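Examining the three-dimensional arrangement
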Amino acid sequence: SEDLVSKYGNYFLKSFDQKNLDIPPSGFMSKHTINPSIRTKMVNWMLEVFHSFQSNEETIFAAVKIMDKYIWKTKDKLKTEDIHLIGMVCMYLASKTYDMVPIQMNSLKHLIGHDLFSQKVIKEMEKKIIKTINFDIFNPTTYEFIQFILYDFYMNNKESIIGLKLKKMLDILENCAIFLAKLCNHFEQYSSVSPIFLSVSCVIIAYDMMKDNCKSLTEERQKFFKDWLQFLLSNIAKTA
């Protein structure tokens, strides 16, 4: 709703910016013996599971965020074999939080977990994760910042975007930026990058890809996008 965004958008952005500081430090996995490639496979598996259950896009990003936050904050020394249960439960938590029709325990246990873990073990891990991250399930992700940036751009330049017939291109830009952000989720190094910086980077790369592959992106349209990206970069640089 435009009304809600105009009234409360600034408040939510400030709230996001404060939480934006609560990200894992570089090398947050080094205290554990988890093979980074296993984490990558877990993220890829999460994408497959959420696609099968038709989960929301934000659910995918939230699940990875919860998992990395737990790996960072837990006092236990985790092993590679622990990641399966942790990943399952993080998907469960994210789905219950963000999906209109969340993944149910029976589906988690039988269809996703293939009965490798009992319901009791799953619930114990759920409690452990929630307590370790201090019940802080809602955290801004790259996905949310990408959406915020592009929605803000559209709302402040609606007439020009309509006049230049850029709405379809803006949708392509959003989808491409989100795709790039999903790729970044596979590598733990990007978990230590501020979501706002990562989201801007994904938007810029998405624009470069669109520019190289979209014949209808005229010089006038390119200038319009470039002016906005330069404005975006200059404002982000002030927060660095």
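In this text the structure is predicted, and so the values were computed from the model without any measurement. The numbers attached to residues start from 1 for each chain and follow its sequence in the written order. Whole-chain, interface and lining totals are the exception, using all residues; otherwise, since this is a predicted model, local features are given only for residues with pLDDT of at least 70 and side-chain atom pairs are given and counted only at 80 or more. Hydrogens and waters are ignored; side-chain quantities use all the structure's heavy atoms.

Once that is clear, we can look at the overall build of the protein chain. Helix numbers and strand numbers start at the N terminus; a helix is a DSSP run of H or I with at least 4 residues, a strand a run of E with at least 2. Of regular secondary structure, the protein chain possesses 11 helices and zero strands. For the protein chain, the succession of helices and strands along the chain, N to C, is α-α-α-α-α-α-α-α-α-α-α. Residue exposure (1.4 Å probe, protein chains only): buried if accessible area is under 20% of the type maximum, exposed if over 50%, otherwise partly exposed. Looking at the protein chain as a whole, 45% of its 240 residues are labelled buried. For this analysis, residues touch if any pair of their heavy atoms sits within 4.5 Å. Counting only contacts in the protein chain whose residues sit at least 6 apart along the sequence, the fraction spanning at least 24 positions is 80%. All accessible-area figures derive from a Shrake-Rupley calculation using a 1.4 Å probe, and residue coverage is judged against the displayed protein chains alone. As displayed, the protein chain has an accessible area near 13,500 Å², and 56% of this comes from carbon and sulfur atoms.

A side chain of one charge can pair with a side chain of the opposite charge if their charged atoms are brought near each other. The salt bridge criterion pairs a side-chain nitrogen of Lys or Arg with a carboxyl oxygen of Asp or Glu, the two atoms within 4 Å. Scanning all chains against the criterion turns up nine salt bridges. Notably, a salt bridge pairs Lys-79 with Asp-82, separated by 3.9 Å at the nearest N-O pair. What makes Lys-79 partly exposed here is its relative accessible area of 38%. With its nearest N and O atoms 3.1 Å apart, the salt bridge here joins Asp-171 to Lys-167. Of this pair, Asp-171 and Lys-167 are both found in helix H9 (residues 167-185), four residues apart, which corresponds to roughly one turn of the helix.

Attention now moves to unusual backbone geometry. Only a minority of non-glycine residues have a phi that is not negative, and only a minority of peptide bonds are not trans. Positive phi is not limited to glycine here, since His-114 has a value of about 50°. Considering the arrangement of structural elements, one finds His-114 in the loop between helix H5 (105-112) and helix H6 (119-132). For Phe-135, which is not glycine, the phi dihedral falls at a positive 60°. Mapped onto the elements, Phe-135 comes out in the loop between H6 and helix H7 (142-156).

Turning our eyes to something else, we now look at the environment of Lys-77. Note that Lys-77 resides in the loop between helix H3 (57-73) and helix H4 (83-98). Residue class for Lys-77 comes out exposed when judged on its relative accessible area of 59%. Sequence spacing of Lys-77 and Lys-31 is 46 residues, and the spatial spacing of their C-alpha atoms is 6.8 Å. Leave out the neighbours within four places in its chain, and Lys-77 touches Lys-31, His-32, Thr-33 and Asp-82.

On to the confidence of the model for the protein chain, then. A residue-level look at the protein chain finds 89% of positions with pLDDT of 70 or above and a mean pLDDT of 87. The pLDDT value expresses, per residue, how confident the predictor is, ranging between 0 and 100. The least confident element of the protein chain, judged by mean pLDDT, is helix H1 (residues 2-19) at 58; the most confident is H6 at 96.

Multiplying one less than the number of residues by 1.5 Å gives the expected span of a helix. The end-to-end C-alpha distance of H4 is 22 Å, a good match for the 22 Å that 16 residues give at a rise of 1.5 Å each. Most of H4 sits inside the fold, with 13 of its 16 residues counted as buried.

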